[in-house]
Amino acid sequence: MAITGIMRPGFIQIRVLDMPAAIEFYTKRIGLHQVTEGPDGRVYLKSADEFDHHSIVLRRADSAGVDAAGFKCVKDSDLDHYEKRVTDYGFAVDHVKAGEQPGLGRRIGFTIPTGHRIELYAESEQSDPKPRTHNPDVWELEPHGMAARRFDHSLLYGPDVQGNLDFFEKALDFRCAERVDMPDGVFAIWMTCGMKAHDIAFVKYPEPNKLHHVAFELENWQSIGHAADILTRYDISIDLGPTRHGITRGQTIYFFDPSGNRCETFAGGYTYYPDIPTRTWDETQVGKGIFYYERQLNDAFLSVVS
Amino acid sequence: MAPQRFQVTLEGHGQANVYEGERVLVALERAQGFGQLKNLPRRLPVGCRRGGCGVCRVRVLAGAYDSGPMSRSCVSAEDEAAGLVLACCIYPRSDLFLRLETPVVVKAKGERALQPV
């Protein structure tokens, strides 16, 4: 196996103001399925194209935003390995018991320089609906809504992006696929632990622990167009798009869930290999990097977060 | 039956029609599109439109309204009780008089995105 250690984004736990509205949005519009509701009221969702127990966790709260981003490791001993690496780096690591989220094994957690909580785990039960593995059809259950195929990545905002870059490279073995440098230093980074152009990204922002968006992968540009039709039909608050990112080359729409958390539908994007050099952007071309067709940032990109 | 129509006045900027059950911010955005709002600092501060980001904060100077959930990291319970609310989360029950009190300056080209009030 070529991919070792931290393998991919596994789940993200987000806070919602209105749980029934959030469930309707993520199941009927994004196209996910509800797996279960936990005893503490958290709701667990997945795409029918994902095998693992869940990928999206909704927690009812008085403020919107993100609680934690979870990454799945290849094997259980990876958790011990990264606990040592993170501790040696100088950050405190805590432990979450198996079953704290239904279907998931033990997790380790720590806070990164931008103020976000990152968790690692290795074990997940599978849940239905999921793809068949013998003579599989392209889908087992007919896709609905925007037909999201998986939770793809998140973009998080906080002050110390340089600190995150150093930590993710040195302690977690991520690589930086792309970065934006401003005259006063690194402004944004797109980090990968596998073969996607990004598995998590960070942009510099004065307040810590902010959520810019949670992204769902769609099949192609045609699917993005269908998602846009759904946004208008159901009067979902849109931010920007359909358009394309210069950075990652992904095709995209930004829009908001019923609690004001930004979501993205993402299709395409290039394949990353560990020998590919970091692509860099400067102040003069950052508009094209973020929104390739508009060639400038919109008002909300740097100021609207949850 | 057609929804009831109210008028929302944005202090110093103009007036807009707003309908029963409609988010006040959406009515203001429409009025901006029609060129009915004048002398805005830049443009109407619009973010997520769903109560999460706090960009569209207004003070209700007069009028009755219903409100939906808004993120407590943007509007405290005391703020909300005092009429400092998010325009995207209030729905008119009468004519309304509002003052923009956005917590951030919405970015114009070449400016910093976030500035303290």
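These numbers come from a predicted model, not from an experiment.

Draft legend 1. Region of interest: the UniProt feature "domain: VOC" (unreviewed entry) in chain A. Residue and element names in this part refer to chain A. As recorded in UniProt, the feature "domain: VOC" (unreviewed entry) lies at residues 8-123 and 150-268. This span, residues 8-123, is 21% helix and 39% strand, and a straight line between its end C-alpha atoms measures 13 Å. Taken end to end, residues 150-268 is 19% helix and 50% strand, and its first and last C-alpha atoms sit 13 Å apart.

Draft legend 2. Representation of the packing of helix α2 (residues 77-89) of chain A against helix α3 (residues 161-170) of chain A. Residues and elements named next belong to chain A. The interhelical angle for the contact between α2 and α3, taken along N-to-C directions, is 140°, at an axis separation of 10 Å. By the angle between their directions, the pair α2 and α3 is classed as oblique. Helix-helix and strand crossings are classified by hand; for α2 and α3 the assignment is right-handed. Of the residues in α3, those in contact with Arg85, Val86 and Tyr89 of α2 are Gly163, Asp166, Phe167 and Lys170. Taken together, the residues of the contact of α2 with α3 sort by class into three nonpolar, one polar and three charged.

Draft legend 3. Up close: the environment of A:Ser154. All names here are of chain A. As for its position among the elements, serine 154 is in strand β9 (residues 150-158). Serine 154 sits in the buried class, given a relative accessible area of 2%. Serine 154 sits 59 residues away from histidine 213 along the chain, and the two C-alpha atoms are 5.7 Å apart. Leave out the neighbours within four places in its chain, and serine 154 touches Ile12, Asp199, Ile200, Ala201 and His213.

Draft legend 4. Spatial organisation of the interface of chain A and chain B. On the chain B side, the residues contacting the 23 residues of chain A number 20 residues. Of the roughly 1700 Å² buried where chain A meets chain B, counting both sides, 58% is carbon and sulfur surface. Looking at the side of chain A facing chain B, the largest losses of area belong to A:Leu17, A:Asp299 and A:Ser303, adding up to 28% of the total buried there. Note that A:Asp299 and B:Arg43 form a salt bridge whose closest N and O atoms lie 3.0 Å from each other. For the interface between chain A and chain B, the tally reads eight residue pairs in polar contact (both at pLDDT 80 or more). In the side of chain A that touches chain B, the residues fall into 11 nonpolar, seven polar and five charged.

Draft legend 5. Region of the structure containing the pattern of salt bridges. Residue and element names in this part refer to chain A. All told, the structure shown has 39 salt bridges over all chains when counted by the stated rule. In this structure, aspartate 94 and arginine 117 form a salt bridge, with 2.8 Å as the shortest nitrogen-oxygen distance. Highlighted residues: aspartate 94 in strand β6 (residues 94-96) and arginine 117 in strand β8 (residues 117-121), separated in sequence by 23 residues. Where arginine 150 meets aspartate 152, a salt bridge forms, and the shortest distance between an N and an O atom there is 2.8 Å. A residue is classified by how much of its surface remains accessible, and arginine 150, at 29% relative accessible area, is partly exposed. A cluster of three or more residues bridged by salt bridges with shared partners is formed by Asp40, Arg42, Asp94, Glu100, Arg107, Arg117 and Glu119.

Draft legend 6. Region of the structure containing the nonpolar core. Counting 61 residues, the largest nonpolar core has A:Tyr26, A:Leu58, A:Phe110 and A:Phe168 as the members making the most contacts within it. For this core, the two domains that each supply at least three residues are domain 1 (6-121) and domain 2 (150-290) of chain A. Not counting chain neighbours up to four residues away, the residues in contact with A:Phe168 comprise A:Ile112, A:Ile118, A:Asp173, A:Phe174, A:Met191, A:Ile200 and A:Phe202. With 29 residues, the next largest nonpolar core counts B:Ala31, B:Leu37, B:Cys88 and B:Cys89 among its residues.

Draft legend 7. Region of interest: the sheet that holds strand β1 (residues 5-10) of chain B. Residue and element names in this part refer to chain B. Strands sit in the order β2-β1-β7-β3-β5 across an open sheet of five strands; the sheet is mixed. Both outer strands of the open sheet, β2 (14-19) and β5 (84-86), are each paired with one neighbouring strand and no more. Taken pair by pair, the neighbouring strands of this sheet meet at an average axis angle of 40°, ignoring direction. The sheet contact formed by strand β3 (residues 57-62) and strand β7 (residues 96-100) spans four bridges and is antiparallel. Counted as the bridge partner of arginine 59 is arginine 99 from β7. Sitting on the sheet, helix α1 (residues 24-33) touches β1, β2 and β7, and the angle it makes with β2 is about 130°.

Analysis parameters
- Residues numbered from 1 in each chain as written.
- Chains lettered and ligands numbered in written order.
- Predicted model: local features only at pLDDT ≥ 70, side-chain atom pairs only at ≥ 80, totals over all residues.
- Heavy atoms only, no water.
- UniProt positions renumbered as here; feature names shortened; annotations may be inferred.
- Helix = DSSP H or I, 4+ residues; strand = E, 2+ residues; numbered from the N terminus.
- Axes fitted to C-alpha atoms, helices over the stretch in contact; angles between N-to-C directions.
- Parallel < 35°, antiparallel > 145°, perpendicular 65-115°, else oblique.
- Left-handed = near helix turned anticlockwise from the far one by under 90°.
- Contact = heavy atoms within 4.5 Å.
- Nonpolar A, V, L, I, M, F, W, Y, C, P; charged D, E, K, R; others polar.
- Buried < 20%, exposed > 50% of the residue type's maximum accessible area, 1.4 Å probe, protein only.
- Buried area = accessible area lost by both parts, 1.4 Å probe.
- Salt bridge = Lys/Arg side-chain N within 4 Å of Asp/Glu carboxyl O.
- Polar contact = N/O pair within 3.5 Å; in protein donor to acceptor, adjacent residues only side chain to side chain.
- Core = buried A, V, L, I, M, F, W, Y, C linked by side-chain atoms within 4.5 Å.
- Domains from an automatic or database assignment.
- Pairing = 2+ DSSP bridges.

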